[in-house]
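# Fold and contact review
Here's the letter readout for the chains.
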Amino acid sequence: MHNNVLKINKNSVTNLFERSDETLIKNALTGKRRAWCQLVKRHEQDVYNYALRMVSHRADAFDLMQDIFMSVFRNLASFQGRSQFKTWLFKIAHYRCIEYYRRKKDIGSLDDEPMQVAEHKDSCPEYHFNHDQQASTLMQAMQTLPVNERAIVELKFFQHFTFAEISGQLGLPVNTVKSKLYRALDKLKLKLEIEYV
């Protein structure tokens, strides 16, 4: 008779010992730099991707990401855990994006430098070309949307937040978020249809 052996994959073991955002926040607030670095590392790719889709240029997105995390660090003690940390983080990210557009005189001109999309080294050249072209076209189309509509599309489809979470982040009623999303999707559909005619 064989003993039943519990099989645990490497990811399960890693997740078992991974600290929660709340634990990292508590440690960061006591001055533990490593905890803050882990918190940033956990969320920096999502924040960078959000910033890139909002402002469309790598250098601006990187600057905006740094600005967002500096703002998060300064306000970390005010996080009360009423929502997930990621929800609170993206609320700050949205405000920083709004401030970015207020500071910038020329809002999202499509004549600026071309869109740059991260390379997929493991894909074939044809797939890589088509994927980059589609991503670039989508990002350019998103730049034509008003900032709030662009943020809603980003938060719903790229960050996978619920309508209720987006409502809390943007300070808008849920029905307003939904109507703005549908309006934005209609505009994107029209823009993308024109691009591919």
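This report concerns the structure included in the present document. (Residues numbered from 1 in each chain as written. Predicted model: local features only at pLDDT ≥ 70, side-chain atom pairs only at ≥ 80, totals over all residues. Heavy atoms only, no water.)

### Let's talk about the overall build of the protein
A count of helical and extended segments in the protein gives nine helices and zero strands. In sequence order, the protein lays out its α and β elements as α-α-α-α-α-α-α-α-α. Each of the 197 residues in the protein was classed as buried or not, and the buried ones make up 39%. Long-range contacts, defined here as pairs at least 24 residues apart, represent 60% of the contacts in the protein between residues at least 6 apart. Carbon and sulfur atoms make up 53% of the accessible area of the protein, which amounts to about 12800 Å² in all. (Helix = DSSP H or I, 4+ residues; strand = E, 2+ residues; numbered from the N terminus. Buried < 20%, exposed > 50% of the residue type's maximum accessible area, 1.4 Å probe, protein only. Contact = heavy atoms within 4.5 Å. Areas by Shrake-Rupley, 256 points an atom, 1.4 Å probe, with all protein chains shown as cover.)

### Focus on the environment of Met142
Mapping Met142 onto the fold places it in helix α6 (residues 125-143). In this structure, the C-alpha to C-alpha distance between Met142 and Leu185, residues 43 residues apart in sequence, is 9.6 Å.

### Focus: the side chain of His94
Along the chain, His94 turns up in helix α5 (residues 85-103). A polar contact is formed between the side chain of His94 and the side chain of Asn148, at a distance of 3.3 Å. For His94, the contacting residues outside a window of four places in its chain are Tyr50, Asn148, Ala151 and Leu170. (Polar contact = N/O pair within 3.5 Å; in protein donor to acceptor, adjacent residues only side chain to side chain.)

### Side note on the environment of His94
Overall, His94 belongs to the buried group, its relative accessible area being 4%. Sequence separation between His94 and Val147 is 53 residues; the distance between their C-alpha atoms is 9.3 Å.

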